[in-house]
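Tertiary structure, described
For reference, the chains in residue letters:
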6 protein chains.
Amino acid sequence: MIFPIFFTFFLLLSTSHASVQDFCVADYKAPDGPAGYSCKKPAIVTVNDFVYSGLGIAGNTTNIFKAAVTPAFAAQFPGVNGLGISLARLDLGPGGVVPFHTHPGASEVLLVVQGTIIAGFVASDNTPYLKTLKKGDIIVFPQGLLHFQVNGGDTPAIAFPSFSSPSPGLQIVDFALFKNDLATELIAQTTLLDAPQIKKLKGVLGGTNKVY
Amino acid sequence: MIFPIFFTFFLLLSTSHASVQDFCVADYKAPDGPAGYSCKKPAIVTVNDFVYSGLGIAGNTTNIFKAAVTPAFAAQFPGVNGLGISLARLDLGPGGVVPFHTHPGASEVLLVVQGTIIAGFVASDNTPYLKTLKKGDIIVFPQGLLHFQVNGGDTPAIAFPSFSSPSPGLQIVDFALFKNDLATELIAQTTLLDAPQIKKLKGVLGGTNKVY
Amino acid sequence: MIFPIFFTFFLLLSTSHASVQDFCVADYKAPDGPAGYSCKKPAIVTVNDFVYSGLGIAGNTTNIFKAAVTPAFAAQFPGVNGLGISLARLDLGPGGVVPFHTHPGASEVLLVVQGTIIAGFVASDNTPYLKTLKKGDIIVFPQGLLHFQVNGGDTPAIAFPSFSSPSPGLQIVDFALFKNDLATELIAQTTLLDAPQIKKLKGVLGGTNKVY
Amino acid sequence: MIFPIFFTFFLLLSTSHASVQDFCVADYKAPDGPAGYSCKKPAIVTVNDFVYSGLGIAGNTTNIFKAAVTPAFAAQFPGVNGLGISLARLDLGPGGVVPFHTHPGASEVLLVVQGTIIAGFVASDNTPYLKTLKKGDIIVFPQGLLHFQVNGGDTPAIAFPSFSSPSPGLQIVDFALFKNDLATELIAQTTLLDAPQIKKLKGVLGGTNKVY
Amino acid sequence: MIFPIFFTFFLLLSTSHASVQDFCVADYKAPDGPAGYSCKKPAIVTVNDFVYSGLGIAGNTTNIFKAAVTPAFAAQFPGVNGLGISLARLDLGPGGVVPFHTHPGASEVLLVVQGTIIAGFVASDNTPYLKTLKKGDIIVFPQGLLHFQVNGGDTPAIAFPSFSSPSPGLQIVDFALFKNDLATELIAQTTLLDAPQIKKLKGVLGGTNKVY
Amino acid sequence: MIFPIFFTFFLLLSTSHASVQDFCVADYKAPDGPAGYSCKKPAIVTVNDFVYSGLGIAGNTTNIFKAAVTPAFAAQFPGVNGLGISLARLDLGPGGVVPFHTHPGASEVLLVVQGTIIAGFVASDNTPYLKTLKKGDIIVFPQGLLHFQVNGGDTPAIAFPSFSSPSPGLQIVDFALFKNDLATELIAQTTLLDAPQIKKLKGVLGGTNKVY
């Protein structure tokens, strides 16, 4: 049995224009926009744009929080640009904590793969939702809500958060308040915290006291 | 000149099914979903569903923050359901403050219509953006970022925040931390605040100390 | 008590790539796309990109409609680019009118801050929804529907429309029909208006009569 | 060669809950929401929910516009519910016209399959874009903009508009202005049309004159 | 009666910045992003950007499938860029087939305008939905699901698929498996097909056998 | 120092209506819609709605593919409803394979936590992208594209796929073709496969041969 050579079928689908179709691997040198980075020309995209190996390496937890977050967001992992998803790795040493924070533009599902983690979030009506998670457990933090993770055991814990955005952002409350030059008085006014407490944490986290 | 009566044109556009077209006025009694409330039957919708008068009334600022926020979100203003927008009114007495907070699901543009307001937000990289706003000025707070407003003068100030969602949410950091039963020790661990400071603010804001 | 200096925590979150995270302040010189303008490099963004003072100034209402619309859309207010929201100011002199118009890509909530405004929209089934609004009242115009505003009192009225898009667009029916070179005959055919009426309004609004 | 029976693979993917996955065929009896109609239970969905035959029948053009629009929107064609697309059929008799109109929530691509159609739209800056279309030609009308279609030949024309929404809506300017009880004076004020012209078209289209 | 010249109304709406409003005609020379191509400057946009005539020409069906798909996607038809819709033309000679394929990013509504087409799709639960379509019939293929079209008669058939995206993509299973250099062994493992069958189809479709 | 009791601040934010704000935990008994399941009343939501433990348990791989996929989609994990994200667990025994499949409505990032996995996808232009992944590696499969996973070692492998949708769907090509009652002749016509091959796989996978 012989098949005739076929050659014209769907030929029109390939054009000389850059294709906006299957994916949009981030081109970090071109302008970015509200929807993400510009797309690398498909001709120079390789499988390595879609693979990221950085999450296999433990983060350095020798810091005040005994914690490390290693992101694989669009800024690090070009293949997820425009695709509505990204990942990260969380290392929590014994006593480790990721303090209260939000991801301004994404929901998160946290997967525990080693150790025990106490995780929680607070809803807009101030109700806290807390749970101690074992290996294999997952918890979802709805978009933009304050949440935290604490190592609940005596051994290092590892988790992998997934996000509903390639650029979820990360805003840590302590850093937003104390790791910049916001005036102590203004922080006091907008948090009800006492000035000595504010100054102490500015000292710990490296903030200064600007006089506006 | 005589026009013949016409009668069949576009008749097919009206059907016996509930219409999913121009708007979806909230029906608070039916189930709600991720996209908002169910729609009231168009036949019982009136102009009053699209009009809200509650923002014409000053909020009560006799409270610890000397501030009041009056929302016209989808939960109060059924006409905005599903339309990607809502409004609120902000009253700030002399010395009034809206402490650090976020709207988990929306960006905000704040319009000052009376008095002077110092407004600011902090970006994910901890850079603060602050400005003193006069009557007629507007400022935008990008989605999910921590921001605050402070009365910058000696007289009452009024502003109207607009939101990019009919249900923007509102999470006040002080309330999330101190106006519930989160354990003092856990708060200390996840904020670096000292226990006495936490206990003081729990007292001020009505929180309790749960032992988990 | 002494805190050790911490220095590595979350260091990986800062990268050398332009960040696509918290906001995307419009860079008017780079290409724009379907989602909005390109983003200004974060390093040169200042608080002034997020603040707009143009709405504090009354628009010039010495025109045929005794009305002025002053936009703070992404094209004027770079901070709202990509954030799903924008504002404008509406001045209506005594007798002032914003004639029937649509915003092709946005819903609108109109806030009256001075005077009295009769506002209304017409739904797809031709039902009109009208209301006389006082100071503090708000009305929502669902996306894309024809609506209008008329000064309902003897004194100047001021309102602030908010939009569910940073670039809501504005299409005024009178202008679309009579303020260009559409042939009178074609307009007559597509509106049922009489030719003399069309020619009169072309004269008023500055349109010409192209022969196609 | 023998293959072992396999039976457990992916079994967990089938659950007892109603599935929210591939499609959401409209259930007209349950509540609708901002995203569309509720979903029919998958078990009672058949291929006929995904097929619509109504567009094969010519619309009745014996009316003042010598035109007929037959929609296959979500309200008529349950299979497109939630899928971001719908179709319609347009019949234009000799001299037929679809007068200026908008689809508040959708862009449109019009495909001419018989005859000649003059189609056009007007942009927000009042620039008209007009073209005479032959069989096989397509034109796109960007979301929410005023556009029209006119039979450009002496024989019946047929076209099929596609929409970027399952419920695109259809607002005809003439109908919105003259086919309801809006007061003649108000229409005059908000359109600059003369009262006699308004009254004439109210008469033609069946509108009345409400005294507010 | 004399109308005063009016000149300032809405003047502020025209700015010197490139406008991001009504449409975003594709500029194939500027970078593209996740939301589509960059926008051509409005000043050089013409009606021809919004009109496409390529679908009026029959595709060449002298190939193995006796079929041709002619796309009018954003890559060919710049006017649909960013507008959530596109079209194509399908020609099926007698015995013609569009083999099983998906559109990764869009739902499709297929309109038959000539001949008879047997069309079908398979849902995630493996249920097939099949129908024989006559002229004027439409069928919807929900996003991303496998579907096919077969000429059901003895004469050429023509259909026009509409898509819910300007760049819907097109992935043909046979081509994805057999028209590249995937190793025969790997294909066997990931499809359960026998090696001779795979090799035969590689031969037919022009695939090679890479040894990884 | 004494703080006055404050009690009215933000009181208006709590209303008697069901709140559409922070989250929308799936209520499997109410109707679902295009955006997902209806929301459970916030009052009966508990932390257990946001936590899922099923992914800690190894799937049963004693089947023909020596593989198991355990989903934590909205249908199993009510907390992710409406949040644009979900997870699953993949177990691959030695020689295990997830055959070619797509997720019609989502992109996927696969995280390998044990063993070695050869993963790959094919783009619309038929280019394959393949990589052997070690523990800690991640790969992204852009939305809707055909992809597969194969155990690349001699020991069991475990991976956790994350999806950009709470209901990503899963369509396995082999199952769509051979695990239902599609006629052998029709499959042959739409896949180019030979009838004996089709019949063999129908036998393996449990399909029957319907005569239409």
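In this text, all values refer to a predicted model and were calculated from it rather than measured experimentally.

**What about the domain arrangement of chain A?**
Segmentation of chain A into domains returns domain 1 (54-169) and domain 2 (175-205). With centres defined by C-alpha atoms, the gap from domain 1 of chain A to domain 2 of chain A works out at 25 Å.

**As for the packing of aromatic side chains**
Under the defined criterion, the tally for this structure stands at 71 aromatic pairs over all chains. Considering the side-chain rings of phenylalanine 121 of chain A and tyrosine 129 of chain A, the 5.0 Å spacing of their centres and the 20 degrees angle between planes classify their relative orientation as stacked. In this structure, phenylalanine 121 of chain A and tyrosine 129 of chain A share a single accessibility class: buried. Considering the side-chain rings of tyrosine 129 of chain A and phenylalanine 23 of chain F, the 6.0 Å spacing of their centres and the 90 degrees angle between planes classify their relative orientation as edge-to-face. Residue tyrosine 129 of chain A is located in strand S9 (residues 128-133), and its partner phenylalanine 23 of chain F is located in the segment before strand S1 (26-33); the two belong to separate chains. Of the residues examined, tyrosine 129 of chain A reaches a relative accessible area of 7% and is grouped as buried. Classification of phenylalanine 23 of chain F as buried rests on a relative accessible area of 14%. Put simply, the rings of Phe23 and Phe50 of chain A together with Phe121, Tyr129 and Phe141 of chain F pair up and form one aromatic cluster. The aromatic ring of phenylalanine 175 of chain A is capped on one face by lysine 179 of chain A, whose charged end is 5.5 Å from the ring centroid.

**Examining the interface of chain C and chain B**
Between chain C and chain B, the residue contacts involve 46 residues of the former and 46 residues of the latter. At the boundary of chain C with chain B, total buried surface from both sides reaches about 3,600 Å², with 72% on carbon and sulfur atoms. Counting the surface chain C buries against chain B, the share from its top three residues, Asp22, Tyr129 and Ile138 of chain C, is 16%. Viewed at the interface, chain B and chain C are joined by 13 residue pairs in polar contact (both at pLDDT 80 or more). Put simply, the parts of the chain that give the side of chain C that touches chain B at least two residues each are strand S3 (51-52), strand S7 (108-114), strand S9 (128-133), strand S10 (138-141) and strand S12 (157-163) of chain C. Here the element with the most residues in the side of chain C that touches chain B is S9 of chain C; it accounts for four residues.

**A closer look at the environment of threonine 70 of chain E**
Residue and element names in this part refer to chain E. Looking at where threonine 70 falls in the secondary structure, it is placed in strand S4 (residues 67-72). Classification of threonine 70 as buried rests on a relative accessible area of 6%. In the structure, threonine 70 is positioned 17 residues away from leucine 87 in sequence and 8.9 Å away in space, judged by C-alpha atoms.

**Quick word on the UniProt feature "binding site: oxalate" (unreviewed entry) in chain A**
All names here are of chain A. Sequence positions flagged by UniProt for "binding site: oxalate" (unreviewed entry) are, in local numbering, His103 and Glu108. Of note, histidine 103 is situated in the loop between strand S6 (97-102) and strand S7 (108-114). Setting aside anything within four residues of it in sequence, one finds histidine 103 in contact with Glu108, Gly144, His147, Phe163, Pro168, Gly169 and Leu170. Examined against the element boundaries, glutamate 108 turns out to sit in strand S7. Within the local environment of glutamate 108, its side chain forms a polar contact with the side chain of histidine 103, the two groups lying 2.9 Å apart.

**As for the side chain of aspartate 91 of chain C**
As for its position among the elements, aspartate 91 of chain C is in strand S5 (residues 86-92). Here arginine 89 of chain C takes part through its side chain, which lies 2.7 Å from a polar atom of the side chain of aspartate 91 of chain C.

**Thoughts on the interface of chain A and chain B**
Size of an interface, as often reported, equals the accessible area lost when the parts are brought together. Contacts between the two partners involve 44 residues from chain A, matched on the other side by 44 residues from chain B. Together chain A and chain B conceal approximately 3,700 Å² of surface at their shared face, both sides included; 62% is due to carbon and sulfur atoms. One can count two salt bridges joining chain A with chain B. In this structure, lysine 200 of chain B engages aspartate 194 of chain A in a salt bridge whose closest nitrogen and oxygen atoms are separated by 2.9 Å. Applying the counting rule to chain A against chain B returns 12 residue pairs in polar contact (both at pLDDT 80 or more). Residue assignment for the side of chain A that touches chain B shows that the elements contributing at least two residues are S6, S9, strand S11 (147-151), helix H1 (173-178), helix H2 (184-191) and helix H3 (195-205) of chain A. Tallied by class, residues from the side of chain A that touches chain B come to 27 nonpolar, 12 polar and five charged.

**Let's talk about the relation of the copies chain A and chain B**
Least-squares fitting of chain A to chain B yields an RMSD of 0.0 Å, with the superposition described by an axial translation of 0.0 Å and a rotation of 180 degrees. This pairing of chains is accounted for by a two-fold axis. Every residue of chain A has its C-alpha some distance from the rotation axis, and the shortest such distance is that of glycine 144 of chain A, at 2.8 Å. A share of 100% of interface residues in chain A that are also interface residues in chain B marks the association as one of identical surfaces.

**Considerations on the nonpolar core**
A general tendency of soluble globular proteins is for nonpolar side chains to be buried together. If you look at the biggest cluster of nonpolar residues, it comprises 439 residues, and the most contacted ones within it are Ile138 of chain A, Ile138 of chain B, Ile138 of chain C, Ile138 of chain D, Ile138 of chain E together with Ile138 of chain F. Contacts of isoleucine 138 of chain D, omitting those with residues within four sequence positions, involve Val109, Leu110, Leu111 and Leu133 of chain D together with Phe50, Val51, Tyr52, Leu55, Ala72, Phe77 and Leu87 of chain E.

**Concerning the sheet that holds strand S10 (residues 138-141) of chain F**
Backbone hydrogen bonds hold the strands of a sheet together, and the pairing may be parallel or antiparallel. As summarised here, the arrangement of the six strands in space is S3(A)-S10(F)-S7(F)-S12(F)-S5(F)-S4(F), forming an open sheet in which the pairing is antiparallel. Looking along the sheet, the strands with just one partner apiece sit at the ends: strand S3 (51-52) of chain A together with strand S4 (67-72) of chain F. Note: strand S5 (residues 86-92) of chain F against strand S12 (residues 157-163) of chain F, five bridges, orientation antiparallel. From the neighbouring strand, leucine 87 of chain F faces S12 of chain F, where its bridge partner is serine 162 of chain F.

**Section: the state of the cysteines**
All names here are of chain C. All chains considered together, the criterion is met by six disulfides over all chains. Two residues share a disulfide in this structure: cysteine 24 and cysteine 39, whose sulfurs sit 2.1 Å from each other. Disulfide cysteine 24-cysteine 39: torsion about the S-S bond near -100 degrees, hence left-handed. Within this pair, whereas cysteine 24 is found in the segment before strand S1 (26-27), its partner cysteine 39 is found in strand S2 (residues 38-39), the two being separated by 15 residues in sequence. As far as burial versus exposure is concerned, cysteine 24 and cysteine 39 are alike and both buried.

**Describing the sheet that holds strand S8 (residues 117-122) of chain B**
All names here are of chain B. Spatial strand order, S9-S8-S11-S6-S13: five strands in an open sheet with antiparallel pairing. Each edge of the open sheet is held by one strand with a lone partner, namely strand S9 (128-133) and strand S13 (171-172). Summarising the sheet, S8 and S9 pair through six bridges and their orientation is antiparallel. For alanine 119, the partnering residue across the bridge sits in S9 and is lysine 131.

**A closer look at helix H2 (residues 184-191) of chain B**
All names here are of chain B. For H2, the full list of buried residues reads Thr184, Leu186, Ile187, Thr190 and Thr191. The buried residues of H2 all sit within an arc of 160 degrees when viewed along its axis, so they share a single face. Taken from the residues just after H2, leucine 192 is the one with a positive phi, measuring 70 degrees.

**Topic: the environment of leucine 192 of chain F**
As for its position among the elements, leucine 192 of chain F is in the loop between helix H2 (184-191) and helix H3 (195-205). Excluding anything up to four places from it in sequence, leucine 192 of chain F contacts Ile64, Phe65, Asp174, Gln197, Leu201, Val204 and Leu205 of chain E together with Ile187 of chain F.

Cut-off values and rules
Residues numbered from 1 in each chain as written. Chains lettered and ligands numbered in written order. Predicted model: local features only at pLDDT ≥ 70, side-chain atom pairs only at ≥ 80, totals over all residues. Heavy atoms only, no water. Domains from an automatic or database assignment. Phe/Tyr/Trp six-rings, centres within 6.5 Å; stacked < 30°, edge-to-face > 60°. Buried < 20%, exposed > 50% of the residue type's maximum accessible area, 1.4 Å probe, protein only. Helix = DSSP H or I, 4+ residues; strand = E, 2+ residues; numbered from the N terminus. Lys NZ or Arg CZ within 6 Å of the ring centre and 35° of its normal. Contact = heavy atoms within 4.5 Å. Buried area = accessible area lost by both parts, 1.4 Å probe. Polar contact = N/O pair within 3.5 Å; in protein donor to acceptor, adjacent residues only side chain to side chain. UniProt positions renumbered as here; feature names shortened; annotations may be inferred. Salt bridge = Lys/Arg side-chain N within 4 Å of Asp/Glu carboxyl O. Nonpolar A, V, L, I, M, F, W, Y, C, P; charged D, E, K, R; others polar. Least-squares fit on C-alpha atoms with pLDDT ≥ 70 in both. Core = buried A, V, L, I, M, F, W, Y, C linked by side-chain atoms within 4.5 Å. Pairing = 2+ DSSP bridges. Disulfide = S-S within 2.5 Å. Arc of directions from axis to C-beta.

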